[in-house]
Amino acid sequence: MGKKKNKEAQKAPKEESPYKVSWLDRIPYWIKALFIKWWFFGVIYFFFVMGLSALIGNEAFTAYVQILVIGLAFGALTDLMTNNILEALDSNKRESRYWAMWAGHKYYIFLVNIAYGLALGVATSLICAQLTLLIDNATGSVNYWFREPCTFALVALAIDMACIGLKDLIVYLIVGRKAPAEKEGGLIE
């Protein structure tokens, strides 16, 4: 009878620890960051370009208005959603700071992200238009490769990662040059 109680106690479900590593923690952070950024760029294109052009009509929703709407959405959603989600998924290593162009919780950062989003929207729209024109001329037929959310988001992600890499390089060069000078001055022991 004592053995039966022990077997039942072993089979009883154990309470899960809130500190247990979840399946999401097993995915490398860079994969999560790239997927979230790519997904948000695609969502912005789907809702703000495809959705608004169907709602408003192509005559009123010109290419310039599309670029303005994409840029404003890139900046606002990057600041309000993407950076916060990346920060929430961050471990204690502060990895999210390497995946955001301008991160912070100040009002002027929001305006800087809007300006960056406008520049990113212009660059992405122009590159996608040129790639579409190039493929159309090469094949002699109309294609939709860069007129849909997945490839548009891929181009936006590539431009965003190039800009973030350039920013990180500049920060590294500035901080890297100051660190040896501080060691020589005796500030760092």
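As a convention, each chain's residues are numbered from 1 in the sequence order in which they are written. With pLDDT at 70 or above as the cut-off, local features in this predicted model cover only qualifying residues; side-chain atom pairs require 80 or more to be listed or tallied, and sums for whole chains, interfaces and linings still use all residues. Excluded from the side-chain calculations are hydrogens and water; all other atoms, namely the structure's heavy atoms, are used.

**Q** How do you make sense of the nonpolar core when you look at a structure like this?
**A** Only buried Ala, Val, Leu, Ile, Met, Phe, Trp, Tyr and Cys residues count toward a nonpolar core, and they belong to the same one when joined by side-chain atoms within 4.5 Å. Categorising residues by exposure relies on relative accessible area from a 1.4 Å probe, with only protein chains included: less than 20% of the type maximum marks a residue as buried, more than 50% marks it as exposed, and the intermediate range marks it as partly exposed. Of all hydrophobic cores here, the largest spans 19 residues; its most connected members are Phe 41, Ile 70, Phe 74, Leu 120, Cys 128, Phe 152 and Val 155. Under the DSSP-based scheme used, a helix requires at least four consecutive residues in state H or I and a strand at least two consecutive residues in state E, with every element numbered from the N terminus. Among the elements of the structure, α2 (29-56), α3 (63-89), α4 (107-139) and α5 (149-184) are those that each provide at least two residues to this core. Considering every element that reaches this core, the biggest residue donor is α5, with 7 residues. Contacts are residue-level and defined by heavy atoms, with any inter-residue pair within 4.5 Å sufficient. Setting aside residues no more than four positions away along its own chain, Cys 128 makes contact with Phe 146, Phe 152 and Val 155. Ranked by size, the runner-up nonpolar core spans 6 residues in total, among them Ile 36, Phe 40, Leu 86 and Trp 99.

**Q** Teacher, can you tell me more about the layout of surface pockets here?
**A** Any residue with an atom within 4 Å of a point lines the site, the site being either a cavity, points on a 1 Å grid over the protein atoms alone where a 1.4 Å probe fits but cannot get out, or a pocket, an open set with protein on both sides within 12 Å along at least 5 of 7 lines. Grid points are joined across faces, edges and corners, and a volume is the space filled by probe spheres set on the points. Here the largest pocket defines a volume of roughly 350 Å³. Contributing to the lining of the largest pocket are 17 residues, with Arg 94, Ser 96, Arg 97, Ala 100 and Ala 103 lying nearest its centre. In terms of residue class, the lining of the largest pocket is built from 7 nonpolar, 4 polar and 6 charged. Reported here for the second largest pocket is a volume of approximately 240 Å³. Lining of the second largest pocket is provided by 14 residues; of these, Gln 66, Ser 125, Cys 128, Ala 129 and Phe 146 occupy positions nearest its centre. Among the secondary structure elements, those contributing two or more residues to the lining of the second largest pocket are α2, α3 and α4. For the lining of the second largest pocket, the leading source of residues is α4, giving 5 residues. Just so you know the grouping, Ala, Val, Leu, Ile, Met, Phe, Trp, Tyr, Cys and Pro go in nonpolar, Asp, Glu, Lys and Arg go in charged, and all remaining residues, Gly too, go in polar. Its residues assigned to classes, the lining of the second largest pocket shows 10 nonpolar, 3 polar and 1 charged.

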